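Fold and geometry: a report
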Amino acid sequence: MLLGVEGAHVHYRARGTTVEAVRGVSLTVNKGERLGLVGESGCGKSSLARAMLGLEPLAAGAIHFDGQPVHGAKATLRRRLQPVFQDAGSALDPRMTVAASLREPLELHRVGTAASREAHLDELLDLVQLPREVKGRLPRTLSAGQRQRVNLARALALEPELLILDEPVSALDVSVQAQVLNLLESIARTRALTLVFISHDLDVVAHLCDSVAVMYAGLVVERGPASRVLGSPLHPYTRALCAARVKALEGTPGEPPSPAHWPPGCAFHPRCPVVVERCRKDRPALPEGEHRAACFVTDP
Amino acid sequence: MSAVEVRGLGVELDGAKLLDGLSLSIEAGALHALVGESGSGKTTAANALLRLLPEGAKVRGSALVGTVDLIALGAAALERARGRTVAMMLQEPLAALNPVLTVGAHLTETLEVHRAVTKGELRSRAVALLEEVGLPEPASRFHAYPHQLSGGQRQRVLLAAALACEPALLIADEPTTALDASMKGVVLALIRGLAERRKLAVLLISHDLWAVREVCRDVSVLYAGRLVEQGPVAQVFARPRHPYTHALLAARPAPEHRGGALEAIGGVVPGPNDVVPGCRFHPRCPRAEARCRIEVPALVDGCACHFPLGGEGRR
């Protein structure tokens, strides 16, 4: 186990009320695993990702990387897990050249000498298949796809073991998205990287990931190998998402709930086609097992 | 003749050709998808039809909606046409709605400005519109503010506002892009149902060919400001003829092409100021030959390509 999340809660305080974005998530990610974290806006997947990076404090629970807590971790641990965010435009400092953006993490972590860092920059650009002449350019002069490659190169600069990617290709055009996905896949394979890949796009997750956790209303509702979760989903919510993937006109009645007012019991019950009385009161737990769902009705 | 006939629509701004000779027709009650990646000119086309282009833009061609040519209208006639002949449903509902106005005020304002109904009928007409777009509890939501609604509900309010003056043509610019996966299908089905019931022609703009395949009758694929393929959606999907359309479909990660690398299209879409002689797709095209670098291919049988797929006989 490389990453362990145990009963994680992430809360935000807004206008005197507490919003429970993540409400008790436990999951483990093994070395070399590529976990797809899927769910709709407001389900807590980005909050969970930020907590995994130690960027968001936990209201309860713990998150460990290689046996050590990520919250309050020293730089030597933190450099081993790196984020890639969705909007490469805002993730990069608009006033810093590509070279300066790539050099920064190396300088902060005192990697190598000034001369060896310059050689390292060239290697990073080769790795993400960017021409070396982009070194002197500012982010705004690059295309969206090129910016996301720079972002990826920056995340890889410290040779992390785990990448946490939050919707890294969602803002890209289809033709460019395929280039970046191919690149990411080949880097993950050659460097034996562990990935936590957050996406609302099940097709992208199915392509890249070997396991999937489905989040709804701040909880993981289904977990298992990607082929099984996406091929034979158990939870009614996952089933609805998978149906929408094949039939564009399939939707789920109702709308995703607001983090400010989670429905009681199973949070999916107001939209669920197979709801029973118990779902309105009790919250179903996520059982143990290879492929499992938090549902009273679906029997795995 | 179709309800909407766009002929040779072109837009030039500061010497750059943003859109070059777009022609398409839409039947009453049908949806036509205008598909392309960033820089393809799809939003420029929408803005040209609504006459929302910046000053100095040179527009060519015509766009007939019934007997009205949107491109040729003078200022006063244009004011009357907007909302009544052509209406727009915007992409980002939170930005498109005024946060200090109630849902009802958005609709009654539109109805009042266009004098669509008498003052006494304003409220009942607005509530009826909200009901038609499937907003739950329309009478009480009439008094709600945009922030009190969910994303899907806001999208429905925008749709109601667009339909308020019974336009013949609705332009929907990426209506599902900002929505969650479980909501996209619901909104697309709603738009299609309204189009059929109201005999409304819809131009559905999307960057995602796959997302609109089930609701649209026809599709026009744009690349770098030019129409590259056009035809019935089912046909374009089953047998794409332009290498770009084919590549777009193949680049999408999908169950049917599982495993191995995705068929990425190398390079990037050229910008409006980039000079690309011949076919604008040729630098990225696996089938390109010498002729493609020199000669602009004309649209023949719905495909603008010198060497279309499945069309080897034309070589």
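Residues numbered from 1 in each chain as written. Chains lettered and ligands numbered in written order. Predicted model: local features only at pLDDT ≥ 70, side-chain atom pairs only at ≥ 80, totals over all residues. Heavy atoms only, no water.

1. Here we look at the sheet that holds strand S2 (residues 17-29) of chain A
All names here are of chain A. Taken in spatial order, the 4 strands of this open sheet run S2-S1-S4-S5, and their pairing is antiparallel. Where the open sheet ends on each side, the last strands, each with one partner, are S2 and strand S5 (68-69). Along the sheet, helix H1 (residues 45-52) makes contact with strand S1 (3-14), S2 and strand S4 (60-65), crossing S1 at roughly 115 degrees. (Pairing = 2+ DSSP bridges. Helix = DSSP H or I, 4+ residues; strand = E, 2+ residues; numbered from the N terminus. Contact = heavy atoms within 4.5 Å. Axes fitted to C-alpha atoms, helices over the stretch in contact; angles between N-to-C directions.)

2. Side note on the nonpolar core
With 123 residues, the main nonpolar core has Leu152, Leu163 and Phe197 of chain A together with Leu159 of chain B as its most contacted residues. Looking at which element gives the most residues to this core, the answer is helix H7 (residues 174-190) of chain A, with 9 residues. (Core = buried A, V, L, I, M, F, W, Y, C linked by side-chain atoms within 4.5 Å. Buried < 20%, exposed > 50% of the residue type's maximum accessible area, 1.4 Å probe, protein only.)

3. Digging into the domain arrangement of chain A
Residues and elements named next belong to chain A. Looking at chain A, the domain boundaries give domain 1 (3-80 + 160-293) and domain 2 (87-159). Taking only C-alpha atoms, the centre of domain 1 and the centre of domain 2 are 28 Å apart. Contacts between the two partners involve 15 residues from domain 1, matched on the other side by 14 residues from domain 2. When domain 1 packs against domain 2, close to 1,400 Å² is buried across both sides, 68% of that on carbon and sulfur atoms. Put simply, domain 1 and domain 2 have 0 salt bridges between them. Here the element with the most residues in the side of domain 1 that touches domain 2 is H7; it accounts for 6 residues. Classifying every residue of the side of domain 1 that touches domain 2 by side-chain character gives 11 nonpolar, 1 polar and 3 charged. (Domains from an automatic or database assignment. Buried area = accessible area lost by both parts, 1.4 Å probe. Salt bridge = Lys/Arg side-chain N within 4 Å of Asp/Glu carboxyl O. Nonpolar A, V, L, I, M, F, W, Y, C, P; charged D, E, K, R; others polar.)

4. Some points on the interface of chain B and chain A
Taken together, the 36 residues of chain B in the interface contact 30 residues of chain A. Joining chain B to chain A, the criterion identifies 1 salt bridge. On inspection of chain B and its partner chain A, the count reaches 8 residue pairs in polar contact (both at pLDDT 80 or more). Of all the secondary structure elements, the ones that give two or more residues to the side of chain B that touches chain A are helix H7 (151-163), helix H8 (181-198) and helix H10 (243-251) of chain B. (Polar contact = N/O pair within 3.5 Å; in protein donor to acceptor, adjacent residues only side chain to side chain.)

5. As for the pattern of salt bridges
Residues and elements named next belong to chain A. In this structure the tally under the stated criterion is 26 salt bridges over all chains. The residue aspartate 66 makes a salt bridge to arginine 80 at a minimum N-O spacing of 2.6 Å. Of the two residues, aspartate 66 sits in the loop between S4 and S5 while arginine 80 sits in the loop between helix H2 (75-78) and strand S6 (81-84), which places them 14 residues apart along the sequence. The network of salt bridges with shared partners includes Asp122, Asp126, Arg132 and Lys135.

6. Here we look at a nonpolar patch on the surface
Residue and element names in this part refer to chain A. On the surface, a cluster of nonpolar side chains totalling about 180 Å² of accessible area is made up of Val274, Val276 and Val297. Along the chain, valine 276 turns up in the loop between helix H10 (236-246) and strand S11 (292-293). Classification of valine 276 as partly exposed rests on a relative accessible area of 37%. (Patch = residues over 30% accessible without salt bridge, like charges linked within 9 Å, V, L, I, M, F, W, Y side chains within 5 Å. Areas by Shrake-Rupley, 256 points an atom, 1.4 Å probe, with all protein chains shown as cover.)

7. Side note on the environment of proline 308 of chain B
Residue and element names in this part refer to chain B. Here proline 308 shows up in the segment after helix H11 (290-294). The exposure class assigned to proline 308 is buried, which follows from its relative accessible area of 0%. Counting along the chain gives 202 residues from proline 308 to histidine 106, while the straight-line C-alpha distance between them is 48 Å.

8. A short note on the domain arrangement of chain B
Quoted interface sizes are often the accessible area lost when the parts come together. Residues and elements named next belong to chain B. When cut into domains, chain B gives domain 1 (28-38 + 74-216) and domain 2 (239-314). Taken over C-alpha atoms, the centre of domain 1 sits 34 Å from the centre of domain 2. Facing the 4 residues of domain 1 at the interface are 8 residues of domain 2. Of the roughly 540 Å² buried where domain 1 meets domain 2, counting both sides, 66% is carbon and sulfur surface. A per-residue breakdown of the area domain 1 buries against domain 2 is headed by Glu37, Leu209 and Trp210, which together make up 81% of the total. The interface formed by domain 1 and domain 2 contains 0 salt bridges. The interface formed by domain 1 and domain 2 includes 1 residue pair in polar contact (both at pLDDT 80 or more). Grouping the amino acids of the side of domain 1 that touches domain 2 by side-chain chemistry returns 2 nonpolar, 1 polar and 1 charged.

9. Re the packing of helix H4 (residues 103-113) of chain B against helix H5 (residues 122-132) of chain B
Residue and element names in this part refer to chain B. Relative orientation of the contacting elements H4 and H5 amounts to 115 degrees, with a least axis distance of 9 Å. For the pair H4 and H5, the sense of crossing is right-handed. Contacts from Val103, Leu107, Thr108, Leu111 and Glu112 of H4 reach H5 at Leu122, Arg125, Ala126, Leu129 and Leu130. Of the residues contributing to the contact of H4 with H5, the split by class is 7 nonpolar, 1 polar and 2 charged. (Left-handed = near helix turned anticlockwise from the far one by under 90°.)

10. Looking at the state of the cysteines
Residue and element names in this part refer to chain B. Scanning the model with the defined rule gives 0 disulfides over all chains in all. With no disulfide of its own, cysteine 216 has cysteine 303 as its nearest cysteine by sulfur position, at a separation of 20 Å. With a relative accessible area of 7%, cysteine 216 lands in the buried category. Here cysteine 279 stays unpaired: no disulfide links it, and the sulfur of cysteine 292, its closest cysteine neighbor, is 6.3 Å away. (Disulfide = S-S within 2.5 Å.)

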